[in-house]
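# Architecture and fold: a report
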Amino acid sequence: MRMSLFQKKDIRALIASQSNSGLKRDLGAWDLTLLGVGAVVGTGIFVLSGTGAIMAGPGVIISFIIAGLACLFAALTYAEFASTVPVSGSAYTYAYATLGEFFAFLIGWDLISEYLLAVSAVAAGWSGYAQAFLESVGVHIPTALTGAPGAVDGVNTFFNLPAFFIVMVITLLLSLGVKESKRLNNVMVVIKVLVIALIIGVGVFYMEPANWKPFIPHGWGNVFSAAALVFFAFLGFDAVSTAAEETKNPAKDLPRGIIYSLLICTVLYILITLVITGLVPSESFIGHEDRPVAFALEAINLNWLIILVTIGTVLGMMTVILVMLYGLTRVILSISRDGLFPRSLAKMNEKRQVPTRVTWVCGIVAGLIGGLVPLTKIATLVNMGTLAAFVTVAIAVLVLRKTEPDLPRKFKTPFVPLVPILAVVSCGYLMLLLGGTTWIFFGIWILLGVIVYFAYGRKHSLLYKKQ
């Protein structure tokens with residue numbers, strides 16, 4: 001029993017297996033960097049900056065730095081694994097090679113919740129912007145199809161059609177092939193980064209330093225609590241590692257893509273938060289938490305920039321949906337190939353060289369959740385899942401350094417064991433700052449994972465059958 005639970009994959013056999021995965025290698029360092037930026041820069045930069053400013057005042061800038069540092073520590077450990085074990089599956093695959101099958105399945109199960117809920121929640125957010133745009137041009141969607149089951153202004157709603165629609169469009173794109181997906185992602189990411197740069201470049205001339213005094217009005221406790229909140233804005237860079245088997249030179253390009261994308265996003269977050277808290281006093285964001293950047297620009301009569309904020313937000317959401325759905329399909333593909341999920345999900349489209357079946361299954365499920373379930377109360381579960389994955393990868397790096405000290409590593413996490421320990425401590429601390437409800441939902445999801453593993457995964461595991 002114990003041996004079957006904690007059996008590990010032979011890491012050298014794992015590395016050798018990635019050469020015949022059936023996936024098409026079409027991504028370089030530039031594509032991976034834009035993939036990471038596409039996943040990270042979304043609603044967080046346009047929404048959470050205001051909520052964080054209300055909690056921590058101008059000190060929210062420090063909150064973003066704290067969250068960014070926690071992610072950097074984790075990113076450095078991800079980079080070592082991505083270069084050493086360039087196999088699709090991200091933290092699931094890394095855990096399988098170091099901590100054993102049971103922990104690997106649970107972290108894979110955890111990643112599924114992260115990516116699935118992120119796709120569904122962002123699709124629901126995109127729906128709001130799409131409906132506002134359609135209304136402005138005279139197109140009216142029936143109220144019953146504008147939201148999850150509930151009521152809007154006294155009228156019953158039954159299904160969020162725009163949320164379902166955008167997920168289906170992205171699913172279709174992903175099913176066509178990785179080359180087509182990367183082209184659209186690269187274009188949208190470049191446009192939204194240029195939009196953000198323009199907002200920063202113009203806004204810097206209107207800032208009032210007096211708005212930064214006092215810099216930490218509500219104490220350091222709120223600064224750290226805001227860091228746990230704005231951590232959501234950094235979600236997604238880990239999805240780069242799921243592209244390992246579709247990268248031309250994974251040993252070199254994966255670490256670059258992971259680290260470059262995180263650094264670019266951190267700089268953008270710090271600068272735009274610096275600008276908007278300099279434009280208006282932090283307390284003025286109360287009541288405008290859902291659109292802080294647009295509110296700050298309106299307050300100083302820069303209304304012509306607001307349309308750019310809308311464009312940046314819509315494109316940002318679309319790229320997040322694309323990359324998160326991509327990551328979800330690759331994690332489930334990896335689990336299925338190992339027999340822990342039905343092997344039929346791992347079926348490849350030989351012409352497109354993509355896992356078409358699992359792509360459509362994931363897309364339809366994510367679209368239905370976005371259309372039927374209001375996710376506002378459980379959105380922080382995405383944070384919890386990501387932080388748990390980061391802690392696991394950091395621990396796995398320490399284990400692999402001990403068990404396989406002579407394994408060739410194209411990229412090495414610096415200052416081991418300090419950096420992995422800092423990743424565990426910082427991410428673990430942010431987990432503790434999340435609410436009790438989040439921990440309850442997380443515990444229920446993990447319990448479901450344990451049931452699925454013992455009811456199906458363990459009996460069908462290819463590694464278990466071999467041994």
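Since the model is a prediction, treat every value here as computed from it, not as a measurement.

Turning to the overall build of the chain, a few remarks are in order. A count of helices and strands for the chain gives 18 helices and 2 strands. Taken against the 2.2 N^0.38 rule, which gives 23 Å for 467 residues, the C-alpha radius of gyration of the chain at 22 Å falls within 12% of a compact globule. Along the first, second and third principal axes, the C-alpha atoms of the chain reach 70 × 50 × 40 Å. Across the 467 residues of the chain, 57% fall into the buried class. By sequence separation, contacts in the chain at least 24 residues apart represent 83% of the contacts at least 6 residues apart. Roughly 18,300 Å² of accessible area belongs to the chain as shown, and the carbon and sulfur atoms make up 69% of that amount. Charge centroids of the chain, computed over 32 positive and 23 negative side chains, lie 11 Å from each other.

Here we come to the environment of L368. Relative to the elements of secondary structure, L368 occurs in helix 14 (residues 356-372). Under the relative-accessibility criterion, L368 is labelled partly exposed at 36%. With residues up to four places along the chain from it excluded, the contact list for L368 reads F159, F164 and V373.

Looking now at the nonpolar core. Formed by 146 residues in total, the largest nonpolar core has its most connected members in I112, I199, F237 and L297. Setting aside anything within four residues of it in sequence, one finds I199 in contact with F46, I272, V293, L297, L305 and V309. Residues F73, I259, V419 and A423 belong to the second largest nonpolar core, which totals 7 residues.

Scanning the model with the defined rule gives 21 aromatic pairs in all. An aromatic cluster is defined as three or more aromatic residues linked by ring pairs; in this entry it consists of F102, F103, F105, W109, F341, W445, Y453 and F454.

With that settled, consider the packing of helix 9 (residues 178-203) against helix 11 (residues 250-279). Between helix 9 and helix 11, the least distance of the axes is 10 Å, while the angle of their chain directions is 40°. Regarding the angle of helix 9 to helix 11, the classification is oblique. Here helix 9 and helix 11 pass one another in a crossing that is left-handed. Contact residues: V193, I196, I199, I200 and G203 in helix 9; L268, L271, I272, V275 and L279 in helix 11. Here the residues of the contact of helix 9 with helix 11 sort into 9 nonpolar, 1 polar and no charged.

Following the sequence through the fold, V309 ends up in helix 13 (residues 306-337). Spatially, the C-alpha atoms of V309 and L161 are 24 Å apart, while their sequence positions differ by 148 residues. Contact partners of V309, with chain neighbours within four places excluded, come to F46, V195, I199, V293, A294 and L297.

Looking now at the confidence of the model for the chain. As a general rule, the predicted coordinates of low-pLDDT regions are not to be interpreted in detail. On average, residues of the chain score 85 in pLDDT, and 94% of them reach the 70 mark or higher. When mean pLDDT is taken per element in the chain, helix 8 (residues 161-176) scores highest with 93 and helix 1 (residues 2-5) scores lowest with 60.

The tally for this structure, following the rule as stated, stands at 6 salt bridges. For the salt bridge of D31 with K182, the shortest nitrogen-to-oxygen distance reads 3.4 Å. Taken together, the positions of D31 in helix 3 (residues 29-40) and K182 in helix 9 put the pair 151 residues apart, joining distant regions of the chain. The partner of E80 in a salt bridge is R401, and the shortest N-O contact between them spans 2.9 Å. Of this pair, E80 sits in helix 5 (residues 60-84) while R401 sits in helix 15 (residues 380-403), and the two are 321 residues apart along the sequence. When its relative accessible area of 24% is taken as the criterion, R401 is described as partly exposed. Overlapping salt bridges bring together D26, D31 and K182 as one network.

Packed helices, taken two at a time, are described by the angle between their axes plus the distance between the axes. In the contact formed by helix 3 and helix 11, the axes pass within 8 Å of each other and the chain directions differ by 40°. On the basis of their axis angle, the class for helix 3 and helix 11 is oblique. Considering how the two elements wind past one another, helix 3 and helix 11 form a crossing that is right-handed. Counting all contacts with helix 3, which are made through A29, L32, T33, G36, V37 and V40, the residues of helix 11 involved are D253, L254, R256, G257, Y260, S261, I264, C265 and Y269. The class makeup of the residues in the contact of helix 3 with helix 11 is 9 nonpolar, 4 polar and 2 charged.

On the secondary structure map, D238 appears in the loop between helix 10 (220-230) and helix 11. There is a polar contact of 3.2 Å between the side chain of D238 and the side chain of Y115. Once you skip the residues sitting within four places of it in the chain, D238 turns out to touch Y78, S90, L111, E114, Y115 and F390.

The next subject is unusual backbone geometry. Across the junction of K213 and P214, the peptide omega takes the value -10°, indicating a cis bond. Tracing the chain through its elements places P214 in the loop between helix 9 and helix 10. The amide bond that connects V416 to the next residue, P417, takes the cis arrangement and shows omega of 10°. The backbone of N301 shows a phi angle near 65°, a positive value even though the residue is not glycine. Inspection of the secondary structure assignment puts N301 in the loop between helix 12 (292-299) and helix 13. Judged by its relative accessible area of 61%, N301 falls in the exposed class. In this structure, F415 is a non-glycine residue whose phi angle is positive, near 55°. With respect to the element layout, F415 can be found in the loop between helix 15 and helix 16 (418-433). Accessibility expressed as a relative area gives 65% for F415, which makes it exposed.

By relative accessible area, K182 is classed as buried at 17%. Within the structure, K182 has its side chain in polar contact with the backbone oxygen of D26 (distance 3.0 Å). Filtering out sequence-adjacent residues up to four positions away, K182 remains in contact with D26, L27 and D31.

Criteria and cut-off values
Residues numbered from 1 in each chain as written. Predicted model: local features only at pLDDT ≥ 70, side-chain atom pairs only at ≥ 80, totals over all residues. Heavy atoms only, no water. Helix = DSSP H or I, 4+ residues; strand = E, 2+ residues; numbered from the N terminus. Rg over C-alpha atoms; globule rule 2.2 N^0.38 Å. Buried < 20%, exposed > 50% of the residue type's maximum accessible area, 1.4 Å probe, protein only. Contact = heavy atoms within 4.5 Å. Areas by Shrake-Rupley, 256 points an atom, 1.4 Å probe, with all protein chains shown as cover. Lys, Arg positive; Asp, Glu negative; His and termini not counted. Charge placed at Lys NZ, Arg CZ, Asp CG, Glu CD. Core = buried A, V, L, I, M, F, W, Y, C linked by side-chain atoms within 4.5 Å. Phe/Tyr/Trp six-rings, centres within 6.5 Å; stacked < 30°, edge-to-face > 60°. Axes fitted to C-alpha atoms, helices over the stretch in contact; angles between N-to-C directions. Parallel < 35°, antiparallel > 145°, perpendicular 65-115°, else oblique. Left-handed = near helix turned anticlockwise from the far one by under 90°. Nonpolar A, V, L, I, M, F, W, Y, C, P; charged D, E, K, R; others polar. pLDDT = per-residue confidence, 0-100. Salt bridge = Lys/Arg side-chain N within 4 Å of Asp/Glu carboxyl O. Polar contact = N/O pair within 3.5 Å; in protein donor to acceptor, adjacent residues only side chain to side chain.

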